[in-house]
Amino acid sequence: ELRDQSLHLFAVASHCGWRDVIRISSNSSLRNDISNPQNIPILKKAKSNDVLSLLELHWARKDVVKRTLRAGEQFELSDFDDIYFCFNNNCGGVYGSWDELKQSVDDFRMRVEAYIDSSPLASDLWTNQFWETTGGRLAGLKCAGCGSQFFNGLEVSFRLDNLSRDGKLPAFIGESGSLES
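Cut-off values and rules
- Residues numbered from 1 in each chain as written.
- Predicted model: local features only at pLDDT ≥ 70, side-chain atom pairs only at ≥ 80, totals over all residues.
- Heavy atoms only, no water.
- Salt bridge = Lys/Arg side-chain N within 4 Å of Asp/Glu carboxyl O.
- Helix = DSSP H or I, 4+ residues; strand = E, 2+ residues; numbered from the N terminus.
- Buried < 20%, exposed > 50% of the residue type's maximum accessible area, 1.4 Å probe, protein only.
- pLDDT = per-residue confidence, 0-100.
- Contact = heavy atoms within 4.5 Å.
- Axes fitted to C-alpha atoms, helices over the stretch in contact; angles between N-to-C directions.
- Parallel < 35°, antiparallel > 145°, perpendicular 65-115°, else oblique.
- Left-handed = near helix turned anticlockwise from the far one by under 90°.

Caption draft 1: Structural context of the pattern of salt bridges. In this structure the tally under the stated criterion is 6 salt bridges. Ionic pairing is found between E113 and R70, a salt bridge with its closest N-O pair at 3.7 Å. With a gap of 43 residues between them, E113 in helix α5 (residues 98–118) and R70 in helix α4 (residues 48–71) connect regions that are remote in the sequence. Among the ionic pairs, D161 bridges to R165, the shortest N-O distance being 2.6 Å. Here R165 and D161 lie together in helix α7 (residues 153–165), a separation of 4 residues that amounts to about one turn. For D161, a relative accessible area of 32% translates into the label partly exposed.

Spelled out as structure tokens, the structure:
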């Protein structure tokens, strides 16, 4: 039962000084938002340095995933006489007026970042279905000039996969520059 409750396992392991179990449970904890107030009583049972390391892991993971997400945006905002246009980074084609796209972009970013905050493991970001359902209007928006997508979810998935494979996507305590005793 403790395996399904990674924070409880983390707290017990921290209290007992089981470093290998702390490491494994830190990865499992990435499935949840540990900053939820209901987790405070559980985290209070762990050693403070271990809790700080766990928080640092979660923050580092979210930061890397969010930066990688922004790298999938295939557009640039430009201003011409106080009229903002959204240009394709690949060919310079115009996607449209920023006023038309701003709300869609903001909604998309908000949905994806809320997902990452609720589940720093962010395993759904590797699926095409996630991008299709979360992208809303942006999912199908393509440049009239070259046909490239406004947001390239497959590229983000590829980058995340490479970061994970190369050990650059924090997954355990100690991989994010964490305090490790």
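Back to the write-up after that little detour.
Caption draft 2: Structural view of the confidence of the model for the protein chain. On average, the protein chain scores 83 in pLDDT, and the residues at 70 or more come to 87%. Confidence scores differ between elements of the protein chain, with strand β1 (residues 75–80) showing the lowest mean pLDDT of 68 and helix α1 (residues 6–16) the highest of 95. Predicted confidence is poor over residues 177–181, with pLDDT under 50, and the contacts of this stretch with residues over four places away or in other chains come to 15 contacts.

Caption draft 3: The packing of α1 against helix α2 (residues 19–28), seen in detail. It is the contact of α1 with α2, at a shortest axis distance of 9 Å, that shows an interaxial angle of 160°. The orientation of α1 with respect to α2, classified from their angle, is roughly antiparallel. The element α1 and its partner α2 pack so that their crossing is left-handed. The residues of α2 that touch α1, namely those facing S6, L9, F10, A13 and S14, are V21, I22, S25 and S28.

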